[in-house]
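Chain by chain, the residues:
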Amino acid sequence: MIGPSEEQKKMEMFFSALPLLVFLLLPGVSATPEGLWEDNKYGRHSSEVLHPEHNCSWTCMLFTLQWPGGFCQSLYKKTQCRIPQNISSWTIHGLWPLHAQRCCSCWPMFLSDVQELEEELEEYWPSLLKTKPCFHFWKEEWIKHGSCAACVEGFNSPLKYFQICLKLRHQFDIYGLLRDAGITPSCERLYKVAEVQKVLLPHVGDKHEIQCVKDEQDRQVLFQVKVRLSRNLTIGCDHHGDTNGGPAAGPSPAAGPGPGQPPSPGHPCPPDAPFFYFPINHEEPWRPCG
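Reference entry: report on the structure contained in this document.

Parameters and conventions
Residues numbered from 1 in each chain as written. Predicted model: local features only at pLDDT ≥ 70, side-chain atom pairs only at ≥ 80, totals over all residues. Heavy atoms only, no water. Helix = DSSP H or I, 4+ residues; strand = E, 2+ residues; numbered from the N terminus. Buried < 20%, exposed > 50% of the residue type's maximum accessible area, 1.4 Å probe, protein only. Contact = heavy atoms within 4.5 Å. Areas by Shrake-Rupley, 256 points an atom, 1.4 Å probe, with all protein chains shown as cover. Pairing = 2+ DSSP bridges. Axes fitted to C-alpha atoms, helices over the stretch in contact; angles between N-to-C directions. Parallel < 35°, antiparallel > 145°, perpendicular 65-115°, else oblique. Nonpolar A, V, L, I, M, F, W, Y, C, P; charged D, E, K, R; others polar. Salt bridge = Lys/Arg side-chain N within 4 Å of Asp/Glu carboxyl O. Phe/Tyr/Trp six-rings, centres within 6.5 Å; stacked < 30°, edge-to-face > 60°. Core = buried A, V, L, I, M, F, W, Y, C linked by side-chain atoms within 4.5 Å.

### Here we look at the overall build of the protein
Part 1 of the reasoning: Scanning the protein from terminus to terminus reveals 9 helices and 7 strands.
Part 2 of the reasoning: Relative to its full complement of 290 residues, the protein shows a buried share of 47%.
Part 3 of the reasoning: Sequence-distant contacts, at least 24 apart, represent 77% of the contacts inside the protein between residues at least 6 apart.
Part 4 of the reasoning: Only carbon and sulfur atoms are counted for the fraction: they give 56% of the accessible area of the protein, which is about 14,500 Å².

The structure is reproduced here in structure tokens:
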């Protein structure tokens, strides 16, 4: 049998590469890796971000803040918890469009996308798991939730999304609000939901949710505060069909589960059961009270 000639081989190579050549010649498509990175860094139009089956129909978002002293109690394997020495306040868990997840797997995130925010993110959005670096946590949040928010112009790049999250963290200073009202971390004192709600209501609206977890002694422990926002970041969102219990309303706590160790989910703090607001223990965070 006579094999293909050199000319035939060249023609086959040309036609196999033709789709890529056509793509690179399209208007607005950069042919170099640096160009592709620049395209993504500063944002894309919504039509370029979402897959055809997604149409940016979400209306409400949840901005979720977590208390590190409570987060460690949410883990199945509590010794996987770590609280960096520079962490002494509430940290960001995420900003989540309701009823929308993983809208665009085509949009990767690189550390260079948020390098200018890295120091601030490490302070206000750290990973609290020994097994998960901070960037891994941020990247997961971008892929799962940020890619859905990206259909809105102000969120349409990793840089913009994380900048907005940091601004919201400064706006909602849960620790400062509670401290000024005499509600401080303690191993002895118990608090009621109504006390915390009264303090937070003027600042986070009436659509917020205060979440607890149960520790090994079956005690209620303050864990998270979820603030409902509209897509233009107005506090409160009462769109029909959007509820706190939606599929995107409650992702797994904080930095995600450790290997094979799913965390217990948070739940609304019972109105009739007092809860603890445990202090942070940097040395043994899973033992807030020694």
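From this point, things continue past the structure.
### Regarding the pairing of strand S4 (residues 209-214)
Part 1 of the reasoning: Of all 6 residues in S4, 5 are buried, a share of seventy percent or more.
Part 2 of the reasoning: Here S4 runs beside strand S5 (residues 220-230); their pairing, made up of 6 bridges, is antiparallel. Of the residues in S5, the one forming a bridge with cysteine 212 is leucine 222.
Part 3 of the reasoning: Between S4 and S5, which follow one another and run antiparallel, lie 5 residues, and aspartate 218 among them has a positive phi close to 65°.
Part 4 of the reasoning: The pairing of S4 with strand S6 (residues 267-268) spans 2 bridges and is antiparallel. Following the sheet pairing, glutamine 211 is matched in S6 by proline 268.

### Some thoughts on the packing of helix H6 (residues 134-149) against helix H7 (residues 158-171)
Part 1 of the reasoning: The geometry of H6 relative to H7 is characterised by a closest axis approach of 10 Å and an angle of 95° between their N-to-C directions. The angle between H6 and H7 falls in the class roughly perpendicular. Contacts between H6 and H7 involve Trp138, Glu141, Trp142, His145, Gly146 and Ala149 from the first element and Pro158, Tyr161 and Phe162 from the second.
Part 2 of the reasoning: Across the contact of H6 with H7, the residue classes break down as 6 nonpolar, 2 polar and 1 charged.

### Examining the pairing of strand S2 (residues 91-97)
Part 1 of the reasoning: With 7 of 7 residues buried, S2 lies mostly within the body of the structure.
Part 2 of the reasoning: Bridge count for strand S1 (residues 60-66) against S2 is 6 bridges, and the pairing is antiparallel. Across the sheet, residue glutamine 66 finds its bridge partner in S2, namely threonine 91.

### Brief notes about the side chain of glutamine 73
Part 1 of the reasoning: Within the fold, glutamine 73 resides in the loop between helix H4 (68-71) and S2.
Part 2 of the reasoning: A residue is classified by how much of its surface remains accessible, and glutamine 73, at 5% relative accessible area, is buried.

### Side note on the pattern of salt bridges
Side chains carrying opposite charge are able to pair once their charged atoms draw close together.
Part 1 of the reasoning: Across all of its chains, the model carries 5 salt bridges by this definition.
Part 2 of the reasoning: Here glutamate 140 and lysine 132 are joined by a salt bridge, their closest N and O atoms 3.0 Å apart.
Part 3 of the reasoning: Judged by relative accessible area, glutamate 140 falls into the partly exposed class, the value being 32%.
Part 4 of the reasoning: For arginine 287, the salt bridge is made with glutamate 284, and the minimal N-O distance between the two is 3.2 Å.
Part 5 of the reasoning: Looking at glutamate 284, the relative accessible area reads 30%, which means it is partly exposed.

### Notes on unusual backbone geometry
Part 1 of the reasoning: In this structure, histidine 99 takes a positive phi of about 65° despite not being glycine.
Part 2 of the reasoning: Structurally, histidine 99 is set in the loop between S2 and helix H5 (118-124).
Part 3 of the reasoning: In this model, aspartate 218 sits at a positive phi of 65°, which is unusual for a non-glycine residue.

### Here we look at the packing of aromatic side chains
Part 1 of the reasoning: With the rule as written, the count across this model stands at 13 aromatic pairs.
Part 2 of the reasoning: Look at tryptophan 107 and tryptophan 142: their rings are 5.2 Å apart centre to centre, the planes differ by 80°, and that puts the pair in the edge-to-face class. Of this pair, tryptophan 107 sits in the loop between S2 and H5 while tryptophan 142 sits in helix H6, placing them 35 residues apart in sequence.
Part 3 of the reasoning: Each ring, one from tryptophan 125 and one from phenylalanine 137, has its centre 6.3 Å from the other, and the planes form 85°; the classification is edge-to-face.

### Overview of the environment of leucine 95
Part 1 of the reasoning: Examined against the element boundaries, leucine 95 turns out to sit in strand S2.
Part 2 of the reasoning: Relative accessible area serves as the criterion here: at 0%, leucine 95 is assigned to the buried category.
Part 3 of the reasoning: Sequence separation between leucine 95 and leucine 65 is 30 residues; the distance between their C-alpha atoms is 9.1 Å.
Part 4 of the reasoning: If we skip the residues at most four places from it in the chain, leucine 95 touches Met61, Leu62, Phe63, His145, Phe155, Tyr161, Ile164, Cys165, Leu168 and Leu229.

### Observations concerning the nonpolar core
Part 1 of the reasoning: Core analysis: the biggest nonpolar cluster contains 70 residues, and Leu95 and Phe162 have the highest contact counts within it.
Part 2 of the reasoning: When residues of this core are assigned to their parent elements, the largest contribution, 7 residues, is made by H7.
Part 3 of the reasoning: Leave out the neighbours within four places in its chain, and phenylalanine 162 touches Met109, Val114, Leu117, Leu121, Trp125, Trp138 and Trp142.
Part 4 of the reasoning: Grouped together as the second largest cluster of nonpolar side chains are 5 residues, Cys60, Trp96, Leu98 and Cys237 included.

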